[in-house]
Amino acid sequence: MHRPFKTAHGASLVAVAMLTILFVSLRAQQPPAPAQQPAPAQQPATPPAAGQPTGRGAGAPAAPAAKPLVPVATNTIAAHPDQYYGQAVTITASIAQIFSKSSFTVDQQRVGDAPAPKMPTDVLVLVPNIQRPVDLKSYVTVMGELMKFDPAEVAKKAKDYKIDLPPETAAKYAGRPVLIATSVINDKFDDVAKRLPPPMTAEEEAFQKVMRAVGPAAAALRPAVDSSNAEVASKNAAILQKGFTDTEAFWKPKKAEPTLWAQNARKEVEAVQAAITAGKWDDAKAHAATVAQACGQCHGVYRERFDDGSFRIKK
């Protein structure tokens, strides 16, 4: 009666042995890795024995300056939160509850008929920069820093964020783990914590092409002038002259201030060109310095940078 079980068991052992041999063989074919300093031992996942120090930094080596993201499950955080406080973590789980636009909980779903855990396993998530809503029960990947929930400490961490939790919810999660998220990627691969730009009009698309030419030319002009490279300096000055002429035309029917800045920048570029032609490199350097200042001046007031790195006209 027990022979099939033994046969299956024996087959399993053979399969494991074959996989082990294959793994060792593949490892042997790889070149040896360069010698490295041993990494600090990772803290155990089980709670410390009675009488031992607990919490971050208790007898542990100093943490490195750059903290990598630590993938972790919600039930692990719930069981041993002190091991993860102050760390940058990533959690992939379903949204269990939504309390407000910027606050919800995530939890790993139980499989089959597994009994409910004795302690809560959900983790509160606050997203100070959330841009688009999340969906209940949808899977998300949240990234950020884990800390113990205390409204005063959250205010220090996210200075411009106002917690919008209902009072009873804030009381329920007091002292429990909370993730201050900087990224929330939904099942459509959209990071809802990132501010994306609105669609461009045809006029903005044309202006964007001008800016894409002006930026590299402005960056190349100064070093070319500093090294007295007449060919490169003249080439980029010509690009900038056209670019500022187009910029002036773009702003003229809209606002006087950026129109004047573009006009002045064009005149400075023309002065650079004249100085290069005359071989007066000191004059060329002086005028080239003011060109870069004009670009920064206009961008600071009238251009808006979004989280994907693109710019739009500031409304």
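Attention in this report is confined to the structure presented alongside it.

Attention now moves to the pattern of salt bridges. Using the criterion set out here, one finds 11 salt bridges in the structure. Two residues, Arg132 and Asp190, come together in a salt bridge whose shortest N-O distance is 3.0 Å. Pair noted here: Arg132 is in the loop between strand E4 (123–126) and strand E5 (139–148) and Asp190 is in the loop between strand E6 (177–185) and helix H5 (202–226), with a separation of 58 residues, a long-range link. Of the residues examined, Arg132 reaches a relative accessible area of 23% and is grouped as partly exposed.

What follows is about helix H7 (residues 256–278). In a regular helix each residue adds 1.5 Å, so 23 residues correspond to 33 Å; H7 covers 33 Å between its end C-alpha atoms and thus fits that length. Burial in H7 covers these residues: Pro258, Thr259, Trp261, Ala262, Ala265, Arg266, Val269, Val272, Ala275 and Ile276. Taken together, the buried residues of H7 touch H5, helix H6 (230–251) and helix H8 (281–302).

The tally for this structure, following the rule as stated, stands at 6 aromatic pairs. When the centroid spacing of 6.3 Å and the interplanar angle of 85° are considered together, the rings of Phe207 and Trp251 count as edge-to-face. Here Phe207, found in helix H5, pairs with Trp251, found in helix H6; they are 44 residues apart in sequence, far enough to count as distant. When the centroid spacing of 5.2 Å and the interplanar angle of 85° are considered together, the rings of Phe250 and Trp251 count as edge-to-face. You'll find Phe250 and Trp251 in the same group, each marked buried. One aromatic cluster is present, built from ring pairs that chain together Phe207, Phe250, Trp251, Trp261 and Tyr302. One Lys or Arg, Arg195, reaches over the ring of Phe306 and ends 4.5 Å from the middle of that ring. Looking at Lys254, its charged tip hangs above the ring of Phe250, at a distance of 4.0 Å from the centre.

Rules of the game
- Residues numbered from 1 in each chain as written.
- Predicted model: local features only at pLDDT ≥ 70, side-chain atom pairs only at ≥ 80, totals over all residues.
- Heavy atoms only, no water.
- Salt bridge = Lys/Arg side-chain N within 4 Å of Asp/Glu carboxyl O.
- Helix = DSSP H or I, 4+ residues; strand = E, 2+ residues; numbered from the N terminus.
- Buried < 20%, exposed > 50% of the residue type's maximum accessible area, 1.4 Å probe, protein only.
- Expected span 1.5 Å × (residues − 1).
- Contact = heavy atoms within 4.5 Å.
- Phe/Tyr/Trp six-rings, centres within 6.5 Å; stacked < 30°, edge-to-face > 60°.
- Lys NZ or Arg CZ within 6 Å of the ring centre and 35° of its normal.

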